[in-house]
Amino acid sequence: MPGYLYHLWFSQEVQKRMKAKPDKASLMAGSLIPDLADNKYASHFRVPASVDGFFVPNIRKIENVFEFALLEPERYPMHFGMFSHLYLDHVFIENYLLTEYKWNSASNRVTNLATGCVFDIDFFFSREGIYKAYAEVNPLDLGVDTKDIPSETPMTGMPIFDSNRHEKEWLQAHERSFGEKNENTKGILEYDRLKAKILLWAEEMAKFADEKSKID
């Protein structure tokens, strides 16, 4: 949900903080994969969120599905990256979208509480709205080096994730990140607040992963 560049950055930050050191290239490639599936509902193991109309990855389910990677992240870095993607989607929706914005379904308006900007909900969730805002961050501002952005993503051996490899949307997002800012997206994201939260979530996930893997 937070966009490809944020998923790459999050996985990188988790890896920095872990006692185990899964291969970075495989980890970052894995962190892109859930969004490449044709059926994102299935690939994200979605269940209703705490607010009606929103859906999040089922944390218990993904812990079970990727338990082997959580136990041995150095042996299964790609799958560990896939888990990190789903983990970030869950906390981003529950602890950012549903707390940093005020949602009014009756008026079909959403207010960014940090910026005070109000948007039509349909526009907000369109490719011209929040998805364009994601891509307007410069990867270098997130500490993501261009050389670390995967050019390919491998097959996983898990059918729900292997349905689509012909579109390289993450590379397109990277190219757009160096373009001009769009006035229509101004105020959708408060980038510094989001960056601070992602670093906090990376710390939390690294601790969780260390507990699961029991690496000394």
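Each chain carries its own residue numbering, running from 1 in the direction its sequence is written. Reporting of local features is limited, given that this is a predicted model, to residues whose pLDDT is at least 70; pairs of side-chain atoms are given and counted only at 80 or more, and all residues count toward the totals for whole chains, interfaces and linings. The side-chain numbers reported here are obtained from all heavy atoms of the structure, hydrogens and water having been left aside.

Colleague: Can you explain the overall build of the chain? Please cite residues and give values.
Modeller: Per the secondary structure count, the chain includes ten helices and five strands. Exposure classes here rest on a 1.4 Å probe applied to the protein chains alone. A residue is buried below 20% of its type maximum, exposed above 50%, and partly exposed in between. The buried share among the 216 residues of the chain stands at 49%. Residue contacts follow a heavy-atom distance rule, with two residues in contact if any of their heavy atoms lie within 4.5 Å. Of the contacts formed within the chain by residues at least 6 apart in sequence, a portion of 70% connects residues at least 24 apart. Where accessible areas are quoted, they stem from the Shrake-Rupley method and a 1.4 Å probe; at the residue level, only the protein chains shown are allowed to cover. Looking at the chain as shown, the accessible area adds up to about 10400 Å², and 50% of this sits on carbon and sulfur atoms. Secondary structure elements follow DSSP: runs of H or I of four or more residues count as helices, runs of E of two or more count as strands, with numbering from the N terminus.

Colleague: Run through the packing of helix α1 (residues 4-17) against helix α6 (residues 77-100), naming residues and quoting values.
Modeller: Here an axis means a line fitted to C-alpha atoms, over the contact stretch when the element is a helix, while the angle between two N-to-C directions is reported on a 0 to 180 degree scale. For the pair α1 and α6, the least separation of the axes is 10 Å and the interaxial angle reads 115°. By the angle between their directions, the pair α1 and α6 is classed as roughly perpendicular. The crossing of α1 and α6 is right-handed. When α1 is examined against α6, the residues Y6, H7, F10, S11 and V14 are found in contact with a partner set consisting of F80, G81, S84, H85, Y87, L88 and D89. Gly counts as polar in this scheme, as do all residues outside two lists: the nonpolar Ala, Val, Leu, Ile, Met, Phe, Trp, Tyr, Cys and Pro, and the charged Asp, Glu, Lys and Arg. Here the contact of α1 with α6 is composed, by residue class, of six nonpolar, five polar and one charged. Should an angle fall under 35 degrees it is taken as roughly parallel, and over 145 as roughly antiparallel, whereas 65 to 115 is taken as roughly perpendicular and any remaining angle as oblique. Crossings are sorted by hand: turned counterclockwise from the far helix by less than a right angle, the near helix makes the crossing left-handed, and turned clockwise it makes it right-handed.

Colleague: Which residues make up the pattern of salt bridges, and what values do they have?
Modeller: The term salt bridge refers to a pairing of a side-chain nitrogen on Lys or Arg with a carboxyl oxygen on Asp or Glu at a separation within 4 Å. Applying the stated criterion across every chain yields a total of eight salt bridges. With a shortest N-O distance of 3.2 Å, K16 and E13 are connected by a salt bridge. Here the residue K16 and the residue E13 both occupy positions in helix α1, the gap between them amounting to three residues, near one helical turn. Judged by its relative accessible area of 8%, E13 is buried. Ionic contacts of the salt-bridge type, sharing partners, join the residues E13, K16, R17 and E203 into one network.

Colleague: Which residues make up the sheet that holds strand β5 (residues 118-120), and what values do they have?
Modeller: Reading across the sheet, the three strands line up as β3-β4-β5 and stay open at both edges, with antiparallel pairing between neighbours. A single partner strand is all that each edge strand has here, and the edge strands are β3 (101-104) and β5. Strand-to-strand twist in this sheet, taken as the mean axis angle between neighbours without regard to direction, amounts to 20°. Strand pairing requires that DSSP identify at least two bridges connecting the strands. As paired elements, strand β4 (residues 109-112) and β5 share three bridges and run antiparallel to each other. Within β5, the residue paired with R109 across the bridge is D120.

Colleague: So what about unusual backbone geometry? Which residues, and what values?
Modeller: The phi torsion at F45 lies on the positive side, around 50°, for a residue other than glycine. By the element assignment, F45 lies in the loop between α3 (40-43) and β1 (46-48).

Colleague: Quick one: what's the story with helix α10 (residues 191-213), residue by residue and with numbers?
Modeller: With 23 residues, α10 should reach 33 Å at 1.5 Å per residue; the first-to-last C-alpha distance of 32 Å fits that figure. The set of residues buried in α10 consists of L194, I198, W201, A202, M205, A206, A209, D210 and S213. For α10, the secondary structure elements touched by its buried residues are α1, α5 (67-71) and α6. The span one expects for a helix is its residue count, reduced by one, times 1.5 Å.

Colleague: Residues and numbers for α6, please.
Modeller: Across its 24 residues, α6 extends 32 Å between first and last C-alpha, which sits within 8% of the 34 Å expected from 1.5 Å per residue. The bend reported for a residue corresponds to the angle between axes fitted to the seven residues ending at that residue and the seven starting there. Most pronounced at F92, the bend in α6 amounts to some 35°. The buried count for α6 comes to 22 of 24 residues, which makes it a mostly enclosed element.

Colleague: Could you give me a rundown of the nonpolar core, with the residues and numbers involved?
Modeller: Within soluble globular proteins, side chains that are nonpolar tend to cluster in buried spots. In terms of nonpolar packing, the biggest core is built from 58 residues, with F10, F66, F80, L189 and W201 touching the most fellow members. Broken down by secondary-structure element, the contributors of at least two residues to this core are α1, α2 (24-30), α5, α6, α7 (121-124), α8 (130-135) and α10. With 13 residues, α6 is the largest single contributor of residues to this core. In contact with F66, not counting residues within four places along its chain, are F45, H79, M82, F83, L86, M158 and F161. By nonpolar core is meant a set of buried Ala, Val, Leu, Ile, Met, Phe, Trp, Tyr and Cys residues that side-chain atoms within 4.5 Å join together.

Colleague: Can you break down the packing of α1 against α10 residue by residue, with the values?
Modeller: One can describe the packing of α1 onto α10 by two numbers: an axis separation of 8 Å at closest approach and a directional angle of 45°. By the angle between their axes, α1 is oblique relative to α10. In the crossing of α1 with α10, the sense of the turn from one axis to the other is right-handed. In this structure, α1 contributes Y6, W9, F10, E13, V14 and R17 to the contact, and α10 contributes Y191, L194, K195, I198, L199, W201, A202, E203, M205, A206 and D210. When its residues are assigned to classes, the contact of α1 with α10 shows twelve nonpolar, no polar and five charged.

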